[in-house]
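Structural features, examined
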Amino acid sequence: MKILVVGCGNVGYTIAETLNREKHSITIIDIDEEKASTMATRLDVVSVAGNGAAYNVLKEGGVKDCDVLIATTGQDEINMLCCLIAKNEGKCRTIARVRNPEYYSEIDSLQKSLGIDLVINPESSAAESCYQLLWAPGASYVDSFAQGKVLVVTVRLPEKSPWVRKSLNEINRGCRAQFLIAVVERKGESFVPNGYSVIQEGDQLSLLVDKADLNLVLRNMGLVFKPIKSVLIGGCGTMGYYLTKRLLKERVSVKIVEPNLSRCNKLWDELPGATVLNGSFNNELFLQEAGISNVDAVVALSGNDSDNIVLSLYANKVTNAKLITRVNKMTMGGVLSEIPIGAIVSPKALTAEYILRYARASSSDESDSSMEAMHFLADGKIEALSFTVYRDSPLVGVQFKSLRLRKGVLFGAIIRGKSVIIPSGADAIRPGDLVVVLTEHKGMRKIRDVLA
């Protein structure tokens, strides 16, 4: 496919890098000529310097012939205008990053009038991710398939877990729940396990689990669920606003620590159910007076990575609260996973993931299946994909044990109507099933790509 990426920030770079690796033809546009040129040289793609909202610049970038335009600049208005021009001048699909809550509240009408196929709100998506993490003890990552029926949860095995030194077959026999250990991360390496793989102390596991069975599985692993009744949020921009609204709706007590007084004044008006405190969340005395030692969770959400890390490190020292830390620099995840700052959430990484999923699904011929969702696990080494399978697929009606699969591929779950099935070798796919696949291979677009 010919893909035009407007904006060469972290999100644009990640998208261009991944799609280029998957053999798409990529052209990038950025108003900063040096940045565009550097990125083009590093990735071996075509670059155009100029305003992505200008017709002549988009024309030079090949907008008339492109299949997908992705607008990821830091300005919502430019992103939406890019999509409008692209729709008027070509027949491409368009994706826009839109962050402003005022625009996002009217997104349905904006999408229709501007012809935008997909709108991504990074802060809203990241706030929802934070919310999901709050209800999964020990989890560093939570996402879902099939409108939440199946969760993918990454968790570090607790000390003295009853799962240590047991094979997956033994663990499954001892826990009467619908779940699968899909990925094991151990000493910097990751792999898709089989039934004979043995879990070791210190392993980090990614699970596929029926949402109804999540707490049962985590308890069986040795984790205890503690209801979240109070949350302290450090730094409350757009992402903090979305999360606070969600928590207040669930009757959770929320304290907001915000150093910017004018922002505090706005929050007092917009979030009357929350306690808003003006002060630095790097001030230990102030944080103690704010009650950091007594809350169930601390969520560091400022726009400054260093401030967020310091707040979470301090919270880890003085409380047993659940910790969630916002990190904007996408390349820092692997390093930060080794320090005690809890779960890491990156709005930019989530945005890149959603856009990549849509772009890859758009490139599929949909002859045997359509991709519905894609999540990256183990720092991107493993992909979790879901496909709706059609009647003509070569996999339909064939028992899994009879299929010749590529190495590093695992069927994780089947969602059939309201039922969640963790498949065995005797199961087979039916037309209309939603099938979750784990794979070490990059670039899978169709369900038949699992075959050797």
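Right, let's walk through the structure included here.

Scoring rules and cut-offs
Residues numbered from 1 in each chain as written. Predicted model: local features only at pLDDT ≥ 70, side-chain atom pairs only at ≥ 80, totals over all residues. Heavy atoms only, no water. Pairing = 2+ DSSP bridges. Helix = DSSP H or I, 4+ residues; strand = E, 2+ residues; numbered from the N terminus. Axes fitted to C-alpha atoms, helices over the stretch in contact; angles between N-to-C directions. Phe/Tyr/Trp six-rings, centres within 6.5 Å; stacked < 30°, edge-to-face > 60°. Buried < 20%, exposed > 50% of the residue type's maximum accessible area, 1.4 Å probe, protein only. Contact = heavy atoms within 4.5 Å. Nonpolar A, V, L, I, M, F, W, Y, C, P; charged D, E, K, R; others polar. Left-handed = near helix turned anticlockwise from the far one by under 90°.

Remarks on the sheet that holds strand β7 (residues 139-145)
- The five strands are arranged β7-β8-β11-β9-β10 in an open sheet whose pairing can be described as antiparallel. Both outer strands of the open sheet, β7 and β10 (189-191), are each paired with one neighbouring strand and no more. Strand after strand, the sheet turns through a mean of 20 degrees between neighbouring axes, direction not considered.
- Relative to β10, strand β9 (residues 179-186) runs antiparallel, the two sharing three bridges. Considered in β10, the bridge of Arg186 is made with Glu189.

Considering the packing of aromatic side chains
- Enumeration over the complete set of coordinates arrives at four aromatic pairs.
- Both rings, one in Trp163 and one in Phe179, keep their centres 5.8 Å apart while their planes meet at 15 degrees; by these two values the pair is stacked. Residue Trp163 is located in the loop between β8 (150-156) and α8 (168-174), and its partner Phe179 is located in strand β9; the two are separated by 16 residues in the primary sequence.
- Judged by relative accessible area, Trp163 falls into the buried class, the value being 2%.

Digging into the packing of helix α4 (residues 76-89) against helix α6 (residues 107-114)
- One can describe the packing of α4 onto α6 by two numbers: an axis separation of 9 Å at closest approach and a directional angle of 35 degrees. For the pair formed by α4 and α6, the contact residues are Met80, Cys83, Leu84 and Lys87 on the first element and Leu110, Ser113 and Leu114 on the second.
- Split by residue class, the contact of α4 with α6 holds five nonpolar, one polar and one charged.

Brief notes about unusual backbone geometry
- At Asp44, a position not held by glycine, the phi torsion is positive, near 60 degrees.
- Residue placement: Asp44 occurs in the loop between α2 (33-43) and β3 (46-49).
- We note that Gln147 has phi near 55 degrees; this positive angle belongs to a residue other than glycine.
- Residue placement: Gln147 occurs in the loop between β7 and β8.

Some thoughts on the packing of helix α1 (residues 10-21) against helix α15 (residues 347-362)
- Contact geometry for α1 and α15: axes closest at 9 Å, N-to-C directions at 35 degrees. Judged by the sense of rotation from one axis to the other, the crossing of α1 with α15 is right-handed. Contacts from Asn10, Val11, Thr14, Ile15, Thr18 and Leu19 in α1 reach Lys348, Thr351, Ala352, Ile355, Leu356 and Ala359 in α15.

What to know about the sheet that holds strand β4 (residues 68-71)
- A sheet is described by the order of its strands in space; here six strands give the open sequence β3-β2-β1-β4-β5-β6, paired in parallel fashion. Each edge of the sheet is formed by a strand with only one pairing partner; in this case those strands are β3 and β6 (118-120). Across the sheet, the mean angle separating the axes of adjacent strands is 15 degrees when strand polarity is ignored.
- Direction of pairing for strand β5 (residues 93-97) relative to β6: parallel, over a ladder of three bridges. By the bridge assignment, Ala96 is partnered in β6 with Val119.
- Contacting β4, β5 and β6, α15 crosses the sheet at an angle of about 175 degrees to β5.

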